[in-house]
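# Notes for the structure review
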Amino acid sequence: MGIKVTIVVTCYRRWAYLPLAIKSIRVQSRPPDEIIIVKSPEIRLLEGSLKVIDDDSPHVGKKIIEAAEEAMGDVIMFLDDDDEFTNSKVAMVGEFFENISELTYVHNSISCITSSGVEVHKVKNYFKVPPYVKPCAKVNRRVMFNLSNEKAFSRWLWAGAAFNASSISIRREALMKVKHYVKQVSVVSDSILYYSAALYGGSALLIPDRLTKYRIHGGNISKGQSTSFSDYIESMRTLLSRVIHDYNIICEMTKGSSFEKHACTERSMYIAAARVFNGNELSLGYLNMNTLQYYLMALLPKRFKNVIARRWYEATLNPFV
């Protein structure tokens with residue numbers, strides 16, 4: 001295969017699952033050309049033939065760029081430390097990049113697994129609220145589109161084409177062209193990868209093949225901490241603040257392009273969602289059908305917002321149907 005593939009594993013202190021993530025890479029039917037693990041310095045890895053970068057930064061974007069700068073691959077596949085790949089991921093996605101010269105971005109679908117690795121087919125409310133947790137791409141066939149086609153970009157953005165970094169593969173060159181912005185991102189790594197690909201151009205391919213196992217467990221960063229309801233509220237305030245910060249970066253990165261309004265629309269949705277948890281200012285800019293429900297929630301009296309927040313909290317406690 002002419003295309004070289006680097007897998008970058010970014011670690012978020014979920015060490016119990018890291019060996020499983022690495023194992024899922026080791027059993028690939030087509031091994032990657034390189035594996036880079038970005039981890040905290042205190043963690044020791046016994047695995048051989050790994051390139052290791054020690055970085056305890058809370059900014060996932062910084063970890064991504066540090067790995068990308070070291071990578072030898074033409075294509076980078078990302079894997080969160082608590083997710084896994086199926087054994088055909090590298091072979092299948094690599095072949096797409098090999099055969100489609102203009103391909104910049106690939107997003108594969110997911111299967112959901114519990115903390116113990118058991119696959120579940122129904123997840124209660126998990127992909128509905130809050131808005132930063134989106135569904136996997138709603139495709140039952142392969143979809144390819146030109147990233148410069150704004151209508152297609154928007155359609156698949158809202159369908160989940162930017163959801164879950166472990167489902168995303170991207171040309172390294174596209175990432176490096178905007179590395180100044182990517183390294184500033186705190187938590188929203190998946191979305192900035194999609195926007196990075198759009199700014200670079202070429203084609204995006206969405207595939208229904210479930211090549212990523214997405215683990216749902218109590219340590220998921222993207223759903224807040226659920227030790228108690230009060231802890232959940234506080235963690236969501238902090239998390240949504242970080243998400244809004246990241247969308248400020250994405251809006252700046254896309255400024256002047258046709259993608260800027262989409263980034264700012266997403267930011268406005270998170271601002272509205274954050275108002276469920278606190279009394280921040282609410283702007284009515286960039287309102288569309290995808291953001292309307294969150295604006296309406298934000299305008300509700302406090303007692304009703306508390307009901308919504310508690311429903312979200314309860315969904316984190318028991319996400320499975």
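It should be emphasised that the depicted structure is a prediction, and the values quoted were computed from it without experimental measurement.

Quick look at the overall build of the chain now. When helices and strands are tallied, the chain shows eleven helices and ten strands. For the chain, with 321 residues in total, the buried portion stands at 57%. Partitioning the intrachain contacts of the chain with sequence separation of at least 6 by distance along the chain shows that 77% fall at a separation of at least 24. Surface exposure of the chain reaches about 13700 Å², of which carbon and sulfur atoms provide 51%.

Attention now goes to the packing of aromatic side chains. In this structure the tally under the stated criterion is eleven aromatic pairs. Ring centres 5.5 Å apart and planes at 45° place the aromatic pair Y232 and Y313 in the tilted group. Taken together, the residues span a long stretch of sequence, with Y232 in helix α8 (residues 229-253) and Y313 in helix α11 (residues 302-317) at a distance of 81 residues. Accessibility expressed as a relative area gives 0% for Y232, which makes it buried. Aromatic rings pair up to connect Y105, F153, Y194, Y195 and F259 into one cluster.

On to the pattern of salt bridges, then. Going through the model one piece at a time under the given rule, you end up with ten salt bridges. Residue D33 is joined to R30 by a salt bridge in which the shortest nitrogen-to-oxygen separation is 3.2 Å. Of the residues examined, R30 reaches a relative accessible area of 15% and is grouped as buried. Across the pair K261 and E150 runs a salt bridge, and its minimum N-O distance is 3.0 Å. Here K261, found in helix α9 (residues 260-274), pairs with E150, found in helix α4 (residues 150-159); they are 111 residues apart in sequence, far enough to count as distant. Overall, K261 belongs to the partly exposed group, its relative accessible area being 43%. Given the relative accessible area of 25%, E150 is considered partly exposed.

Before going further, it helps to examine the nonpolar core. Ranked by size, the top nonpolar core spans 75 residues in total, and within it F78, F145, W156, L175, Y194 and F277 carry the most contacts. Ranked by residues supplied to this core, first place goes to α8 with 13 residues. In this view, L175 contacts I64, I65, A68, I76, F78, V182 and L193; residues no more than four positions away in its chain are not counted. Counting residues in hydrophobic clusters, the runner-up holds 26 residues, among them I3, I22, M77 and I207.

This part takes up unusual backbone geometry. It is generally the case that most residues other than glycine have a negative phi and that most peptide bonds are trans. Backbone geometry at N164 places phi at a positive 75°, although glycine is not the residue there. Tracing the sequence through the fold places N164 in the loop between α4 and β9 (168-171).

This brings us to the side chain of T291. As for its placement among the helices and strands, T291 is situated in the loop between α9 and α10 (292-298). Setting aside anything within four residues of it in sequence, one finds T291 in contact with W158, T265, S268, M269 and Y286.

This paragraph deals with the environment of I168. Examined against the element boundaries, I168 turns out to sit in strand β9. Separated by 60 residues in the primary sequence, I168 and N108 place their C-alpha atoms 6.9 Å from one another. Ignoring anything within four residues of it in the chain, the contact list for I168 reads I76, M77, F78, K89, Y105, V106, H107, A162, D190 and L193.

This brings us to the pairing of strand β6 (residues 103-113). Of all eleven residues making up β6, eleven are buried, and the element is well covered by its neighbours. Looking at chain direction, β6 and strand β10 (residues 203-215) are connected through ten bridges and run parallel. Looking at the pairing, I113 lines up with R215 of β10. Sheet topology places β6 next to β9; three bridges connect them, and they run antiparallel. Looking at the pairing, V106 lines up with S169 of β9. Where β6 lies against strand β7 (residues 119-120), two bridges are found, and the strand directions are antiparallel. When the bridges of β7 are listed, C112 appears paired with V120. A loop of five residues connects β6 with β7, the two strands running antiparallel in sequence, and G117 in this loop sits at a positive phi of about 95°.

Among the secondary structure elements, P58 is positioned in the loop between β3 (51-54) and α2 (60-70). Considered as a pair, P58 and V187 are 129 residues apart in the sequence and their alpha carbons are 8.3 Å apart.

Conventions used here
Residues numbered from 1 in each chain as written. Predicted model: local features only at pLDDT ≥ 70, side-chain atom pairs only at ≥ 80, totals over all residues. Heavy atoms only, no water. Helix = DSSP H or I, 4+ residues; strand = E, 2+ residues; numbered from the N terminus. Buried < 20%, exposed > 50% of the residue type's maximum accessible area, 1.4 Å probe, protein only. Contact = heavy atoms within 4.5 Å. Areas by Shrake-Rupley, 256 points an atom, 1.4 Å probe, with all protein chains shown as cover. Phe/Tyr/Trp six-rings, centres within 6.5 Å; stacked < 30°, edge-to-face > 60°. Salt bridge = Lys/Arg side-chain N within 4 Å of Asp/Glu carboxyl O. Core = buried A, V, L, I, M, F, W, Y, C linked by side-chain atoms within 4.5 Å. Pairing = 2+ DSSP bridges.

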